[in-house]
Amino acid sequence: MFEFNLKKCRLAFGLSQKEVAEKVYVSQQAYAKWETGKATPNPETISLLANLFNVSTDYLLGYSQETKRKGVSIPILGKVVAGIPIEAVEEILDYEEITPELAKTGAFFALKIQGSSMEPKLSDGDIVIIKQQNNVENGEIAVVLVNGQDATVKQIIKHDNGIFLHGFNPSVYTDAFYNNQQIEELPVIILGKVVESRRKF
């Protein structure tokens, strides 16, 4: 039932397998296995798919006929700056909804992407859903605050002596390296992990 509902939702949104795969950060090959029933995504990815198609996870899994999800609202922030707790930021642009299942896993906020340094994966104006945490795995995309300035969204590449902040568009952003001393002194602070992106058409 999951594979049937997943394909039904994708076709209803007019998306290709490749487009959906990119939105939930997997390969097209991995996604194709879900629609053929050869594999099943993990619970976090199922929540991302439910968010993408605006349905409940129960509907997607075939446990319920009711498609509409009951979401939890989180604020979309225009910027995040040093010294201000996320929940105290006054520049709220709008609100997005996440599933109750995802909301139970931690604290979340959304951020509007500014600029094109992360294209083609993330474009100017995209909304990213961020789970608040002070560390991420190597290769994950995070919201990072450098030297007390506005936060930036970059891929984290870790080394023993520091980290690279990697942008996917080298024509507008040159990767920045910060050694362990700079991370402490500037400081370089990870505010959260990007778990989903949403594009407005």
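Just so it is clear, the structure is predicted and the values come from calculations on it, not from any experiment.

Asker: Kindly report on the nonpolar core, identifying the contributing residues and their values.
Answerer: Leu 49, Phe 53 and Leu 60 are the most contacted members of the largest nonpolar core, which totals 18 residues. Taken together, the elements giving at least two residues each to this core come down to α1 (2-12), α2 (17-23), α3 (28-35), α4 (43-53) and α5 (57-61). Considering each element in turn, this core owes the most residues, 6 residues, to α4. In this structure Leu 49 touches Phe 2, Leu 6, Val 20, Val 24, Tyr 31, Trp 34, Pro 41 and Leu 60, once residues within four positions along its chain are discounted. Ranked by size, the runner-up nonpolar core spans 16 residues in total, among them Leu 77, Phe 109, Ile 130 and Val 153.

Asker: Explain the sheet that holds strand β9 (residues 188-198) residue by residue, including any values.
Answerer: Reading across the sheet, the 9 strands line up as β2-β1-β3-β4-β9-β5-β6-β7-β8 and stay open at both edges, with mixed pairing between neighbours. Each edge of the open sheet carries a strand with a single partner, namely β2 (92-98) and β8 (176-179). The average undirected angle you get between the axes of adjacent strands in this sheet is 40°. In terms of strand pairing, strand β1 (residues 72-77) meets β2 through 6 bridges, oriented antiparallel. Within β2, the position partnered with Val 72 by the bridge is Ile 98.

Asker: Tell me about unusual backbone geometry, and name the residues and values.
Answerer: Cis geometry is adopted by the peptide bond preceding Pro 120, which originates at Glu 119 and carries an omega value of 10°. Here Pro 120 shows up in the loop between β3 (108-112) and β4 (127-132). For the bond running from Leu 186 to Pro 187, omega is -10°, close enough to zero to count as cis. In this structure, Tyr 25 is a non-glycine residue whose phi angle is positive, near 60°. In this fold, Tyr 25 is placed in the loop between α2 and α3. Here Asn 54, not a glycine, exhibits a phi torsion of approximately 55°, which is positive. On the secondary structure map, Asn 54 appears in the loop between α4 and α5.

Asker: Can you break down the side chain of Thr 45 residue by residue, with the values?
Answerer: On the secondary structure map, Thr 45 appears in helix α4. With relative accessibility at 10%, the residue Thr 45 sits in the buried group.

Asker: Could you give me a rundown of α4, with the residues and numbers involved?
Answerer: Judged by how many residues are buried, α4 sits mostly within the fold: 9 of 11 residues are covered. Turning to α4, its buried residues number three or more, namely Thr 45, Ile 46, Ser 47, Leu 48, Leu 49, Ala 50, Asn 51, Leu 52 and Phe 53. Just past α4, the residue Asn 54 takes up positive phi, approximately 55°.

Asker: An account of the environment of Ala 30 is needed here, citing residue identities and associated values.
Answerer: Looking at where Ala 30 falls in the secondary structure, it is placed in helix α3. Among the residues examined, Ala 30 registers a relative accessible area of 26% and is labelled partly exposed.

Asker: Residues and numbers for α1, please.
Answerer: Buried within α1 are the following residues: Phe 2, Asn 5, Leu 6, Cys 9 and Arg 10. The buried residues of α1 occupy one face: seen down the axis, they fall within an arc of 135°. Counted as exposed and oriented over 90 degrees from the buried face of α1: Phe 4, Leu 11 and Ala 12. For α1, the secondary structure elements touched by its buried residues are α2, α3, α4 and α5. Positive phi appears at Gly 14, one or two residues downstream of α1, with a value of about 70°.

Asker: Account for the packing of aromatic side chains, with residues named and values stated.
Answerer: Applying the stated rule across the entire model yields 3 aromatic pairs. An angle of 65° between the planes, with centres 5.5 Å apart, marks the rings of Tyr 31 and Trp 34 as edge-to-face. One end of the pair, Tyr 31, and the other, Trp 34, are both in helix α3, 3 residues apart, so they sit about a helical turn from each other. A relative accessible area of 0% places Tyr 31 in the buried class. Geometrically, the ring pair formed by Phe 164 and Phe 177 is tilted, given 4.8 Å between the ring centres and 55° between the ring planes.

Reading the values: the criteria
- Residues numbered from 1 in each chain as written.
- Predicted model: local features only at pLDDT ≥ 70, side-chain atom pairs only at ≥ 80, totals over all residues.
- Heavy atoms only, no water.
- Core = buried A, V, L, I, M, F, W, Y, C linked by side-chain atoms within 4.5 Å.
- Buried < 20%, exposed > 50% of the residue type's maximum accessible area, 1.4 Å probe, protein only.
- Helix = DSSP H or I, 4+ residues; strand = E, 2+ residues; numbered from the N terminus.
- Contact = heavy atoms within 4.5 Å.
- Pairing = 2+ DSSP bridges.
- Axes fitted to C-alpha atoms, helices over the stretch in contact; angles between N-to-C directions.
- Arc of directions from axis to C-beta.
- Phe/Tyr/Trp six-rings, centres within 6.5 Å; stacked < 30°, edge-to-face > 60°.

So, to be careful, I would describe these as geometric facts and stop short of saying anything about function.
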